[in-house]
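# Notes for the structure review
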Amino acid sequence: MNQVNIKEILTQYTSEVNSVLKEIMNIEKNALAPGLVKAMKYSLFSGGKRLRPILTLMVAEMLDGDRDSALRVGASIELVHTYSLIHDDLPSMDDDDFRRGKPSNHKVFGTATAILAGDALLTFAFNILSKLNLPPDKVLKIIEVISQGAGHNGMVGGQVLDLEAEDKEISLEELKKIHSGKTGALFKSSILAGAYCANPDRTELTALERYARYLGLTFQIVDDILDVTGNEEVLGKRVGRDDELNKATYPRLLGLKQAVKEAEFNAEKARDSLGPFGERAFLLKQLVDYILVRQS
Ligand SMILES: CC(C)=CCC/C(C)=C/COP(=O)(O)OP(=O)(O)O
Ligand SMILES: C=C(C)CCOP(=O)(O)OP(=O)(O)O
């Protein structure tokens, strides 16, 4: 299968994820604050590659897990991810006016509503997870891996380090820590939560953790590179922002050429991690290549 086919497959998965998101977000009726629901839906349905839910689904499928549950778990993670984008764009954080090809949430609804829309998306994600049709021990495990990845030792912690590193010289090790936290941690949650929709054994979990570590890093290095070389219309967000904000990034620390090499190195490691799954990991391997050469 080549790159064209993986794109077709991703389109199919994206539309399945979007259907579940639509069903989950059918919450206008009896809404306490209709304006809040509007703000939540605005960012959630502004596009987005849905990579995290797709990962959840692919892992669950590979391990013969419960597909319907994986779709709901993935959708919950997309709510968490969307909250993080809304907050990331706030004036007190990266102060970005565009996201997913549209004005950022706070530009349309104001800062207070944007903060609250993010809060509500995060909270709602866990409400959806509490209603999963899986055995209670699996539901708890899924909640554990998602809350861990999203929280103080994961995405939120990484975001704090990212903000603290502005205008500073930091080492490659420190940068790796930032990227693994702010981006890698939720990738890991998506992958492990997909595994817990099945019955993974220790070897499989260890392999998937390694895959997640390297895939998350690859993704964020490519994101750093695209902020230098990417096209705003295709990306749906402004480029050159990292430089304006004096952000610690791979191209800034290593130069563009070496940053590309680092992305390739991590991508190779991600592919290697899938060894124990053999042919069954075909799509997860294709996804690595897609992320490595992505333009949006
Ligand atoms: C708790 C919060 C708010 C976490 C934010 C995590 C996040 C969106 C990282 C993206 O990094 P980025 O700023 O490099 O991405 P982009 O280029 O898309 O703005
Ligand atoms: C972690 C980062 C770099 C934020 C953007 O993530 P995506 O590139 O997955 O954003 P969407 O497709 O969901 O908009």
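The rules behind each value
Residues numbered from 1 in each chain as written. Chains lettered and ligands numbered in written order. Predicted model: local features only at pLDDT ≥ 70, side-chain atom pairs only at ≥ 80, totals over all residues. Heavy atoms only, no water. UniProt positions renumbered as here; feature names shortened; annotations may be inferred. pLDDT = per-residue confidence, 0-100. Near = heavy atom within 4 Å. Polar contact = N/O pair within 3.5 Å; in protein donor to acceptor, adjacent residues only side chain to side chain. Areas by Shrake-Rupley, 256 points an atom, 1.4 Å probe, with all protein chains shown as cover. Helix = DSSP H or I, 4+ residues; strand = E, 2+ residues; numbered from the N terminus. Nonpolar A, V, L, I, M, F, W, Y, C, P; charged D, E, K, R; others polar. Core = buried A, V, L, I, M, F, W, Y, C linked by side-chain atoms within 4.5 Å. Buried < 20%, exposed > 50% of the residue type's maximum accessible area, 1.4 Å probe, protein only. Contact = heavy atoms within 4.5 Å.

For the protein chain, the name recorded in an unreviewed UniProt entry is Farnesyl diphosphate synthase, with Halothermothrix orenii as its organism. In its Catalytic activity (unreviewed entry) section, the UniProt entry covering the protein chain states "isopentenyl diphosphate + (2E)-geranyl diphosphate = (2E,6E)-farnesyl diphosphate + diphosphate". Its UniProt record, at the heading Sequence similarities (unreviewed entry), says of the protein chain: "Belongs to the FPP/GGPP synthase family."

Turning our eyes to something else, we now look at the confidence of the model for the protein chain. Interpretation of this model should avoid reading the predicted coordinates in detail wherever pLDDT is low. Scored by pLDDT, the protein chain has a mean of 97; 99% of the residues are at 70 or more. Across the whole predicted complex the pTM is 0.97, and at the interface the ipTM reaches 0.98.

Let's shift gears to the site of ligand 2. Ligand 2 sits among G48, K49, R52, H81, L85, R100, T183, F219, Q220 and D223. Between an oxygen atom of ligand 2 and a side-chain N or O atom of R52, the distance comes to 2.8 Å. Burial of ligand 2 by the surrounding chains reaches 89%, relative to a free accessible area of 390 Å². Of all the secondary-structure elements, those providing two or more residues to the shell around ligand 2 are α4 (67–88) and α10 (202–229). Ranked by residue count, the leading element in the shell around ligand 2 is α10, at three residues. Of the residues assigned to the shell around ligand 2, the class counts are two nonpolar, four polar and four charged.

Once that is clear, we can look at the site of ligand 1. With respect to spatial proximity, 14 residues lie near ligand 1, and among them D88, D94, R99, K182 and K237 are the closest. Q220 places a side-chain nitrogen or oxygen 3.3 Å from an oxygen atom of ligand 1. Here K237 contributes a side-chain N or O atom positioned 2.6 Å from an oxygen atom of ligand 1. Burial of ligand 1 by the protein chains amounts to 91% of its free accessible area of 510 Å². Examining the composition of the shell around ligand 1, we find that five residues originate from one element, α4, more than from any other.

M58, V73, I142, L208, Y211, L284 and L287 are the most contacted members of the largest nonpolar core, which totals 75 residues. By residue number, the principal contributor to this core is α4, which donates nine residues. The contact partners of Y211, leaving out residues within four places of it in the chain, are L55, I191, A270, S273, L274, L284, L287 and V288. Within the second largest apolar cluster, 15 residues are counted, among which are I178, I221, V222 and L226.

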